[in-house]
Amino acid sequence: MIGRGDGNDALGVGLLSPPVLIGCLTNSCMGVMYAWSLFLLPMERDLGLSRAELSLAPSLALACFMLGMMLQKAVSTRLTLRGTALLCFSLAGGGHFLFGFWPTLTSLIIGYGMAFGTGSGLGYGFALEMAQFAKERNRSLAIGVIVSCFALSGILISSVFARAILHSSPATSFLVIGFGILLLGVFVVSKIDGSSLTPTEEIQEPTGSEVFTLRFAIMSYCFFAICFAGLLTISHISGILEEIGVPSRLLGLGAGLLNLGYIIGSIFGGRFVDWVQGRSALFFVCLLTVAALLMIRSDSFLIVCVATVFVGLCFGGSASLIPVLIGREYGISQIGRVYGKMIFSYGLAGLIAPWVGGLLYTQTGSYSVPLAVTTVLAFVGLIASIYFSFALMMKR
């Protein structure tokens, strides 16, 4: 059982301590969000809805994910560990069940967009809370490992169940996923006692003048641009591959490659900051994002696959790179507070990227325009990262 009664020494036994494993299990479950593109074509077929209409669901889910993350700290201080876990798994599983039993656009918006999105955000924050119990020397790696697990379910679903999902009723798929989420939730909750989640140290929140500076704005925009590219691609990769003539049996490969890149990037993104000495890490990630977006429309299937991995690599890398970079800029004790404000960039990208991709595709009949818009946003981020990496550094 995991809880306050075990003591920090027992909890912090290392990278593979029970809380870290619980964090990994929780995040791997909540990350089913990144398999959305597999359901896009079946829902378009069975529900008779346009891609723009369907794209409202992942956009709202990602916005509610941000809301869940922002509320997680407050929720975790008011509920027990068990209560926090129970809430996030209930929302995530229940949201899938709602659409499974009542397959309409309304239930998709309420169940997947609102309930699952909020539950997933709460679960993500809860999983990251578990990393605080790792030993200090393992904590950054523990964060990376827990973050990387968010993509595990996407890889599993896209590599093992892609063909079944593409040829099955979306309602049936959602019922199976909902059951799996609730089953894993029962296991996680059973391993946690009723103790309150208590911070290991008191952290003083920085004032607005300390946070909302030019460096904060640049980091936030670059984070937004990278997330926009990752979330638009994740939401529409099956459609993108279909448009360039990839056989239907290989359409599920895109989500798997994206999530594979996400896992690798999230594990090593934080370490990359150390390898390249800090701020320039953001420049290299923005540069690779632009390059990947330019490559993803290639006529070569191999180049498209490589580009898809690169998009996932940058997107996942930002999830662990940004917190580590915040630690360097504001201090280790301020990571949670500053990241809690900067996560708005992720939420904004999540709110508009899938929907914009679907809307522009519906209006133009091609993914060329949405990908071009995404590339421009990423290029602006690249320019901003150059200033962040070199000009601001010289002013210090």
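Criteria and cut-off values
Residues numbered from 1 in each chain as written. Predicted model: local features only at pLDDT ≥ 70, side-chain atom pairs only at ≥ 80, totals over all residues. Heavy atoms only, no water. 1 Å grid on protein atoms, 1.4 Å probe; cavity = no way out; pocket = protein on both sides within 12 Å on 5 of 7 lines; lining within 4 Å. Points joined across faces, edges and corners; volume = space filled by probe spheres on them. Helix = DSSP H or I, 4+ residues; strand = E, 2+ residues; numbered from the N terminus. Nonpolar A, V, L, I, M, F, W, Y, C, P; charged D, E, K, R; others polar. Core = buried A, V, L, I, M, F, W, Y, C linked by side-chain atoms within 4.5 Å. Buried < 20%, exposed > 50% of the residue type's maximum accessible area, 1.4 Å probe, protein only. pLDDT = per-residue confidence, 0-100. Contact = heavy atoms within 4.5 Å.

1. Remarks on empty space enclosed by the protein
Enumeration over the complete set of coordinates arrives at 4 cavities of 30 Å³ or more. Volume-wise, the largest cavity comes out at about 90 Å³. Surrounding the largest cavity, 14 residues form its lining, Tyr124, Tyr262, Ala319, Tyr339 and Tyr346 being those nearest its centre. Mapped onto the lining of the largest cavity, the elements with two or more residues apiece are helix H5 (56-78), helix H13 (214-243), helix H16 (301-330) and helix H17 (335-364). Taken together, the residues of the lining of the largest cavity break down into 13 nonpolar, 1 polar and no charged.

2. Considerations on the nonpolar core
What tends to happen in soluble globular proteins is that the nonpolar side chains get buried as a cluster. Counting 107 residues, the largest nonpolar core has Tyr34, Leu108, Tyr112, Leu231, Tyr262 and Tyr346 as its most contacted members. Listed in part, the 7 residues of the second largest apolar core include Cys24, Ala127, Ala131 and Ala142.

3. Side note on the layout of surface pockets
Its boundaries defined by the atoms lining it, the second largest pocket holds a volume of some 480 Å³. Lining the second largest pocket we find 18 residues, and of these Leu156, Ile157, Phe161, Val176 and Ile177 sit closest to its centre. Looking at the lining of the second largest pocket, the elements with two or more residues in it are helix H2 (18-30), helix H9 (152-160), helix H10 (162-166) and helix H11 (170-190). The element that contributes the greatest number of residues to the lining of the second largest pocket is H11, accounting for 7 residues. Split by residue class, the lining of the second largest pocket holds 12 nonpolar, 6 polar and no charged.

4. Considerations on the confidence of the model for the chain
Reading predicted coordinates in detail is not appropriate for stretches of low pLDDT. Scored by pLDDT, the chain comes out at a mean of 82, with 86% of its residues at no less than 70. Mean pLDDT values for the elements of the chain range from 40 in helix H1 (residues 7-11) up to 94 in helix H15 (residues 280-295). Every residue in residues 4-13 is under pLDDT 50, and counting partners more than four places away or in other chains gives 21 contacts. Throughout residues 194-209 the model reports pLDDT below 50, and contacts reaching past four residues in sequence, or to other chains, amount to 32 contacts.

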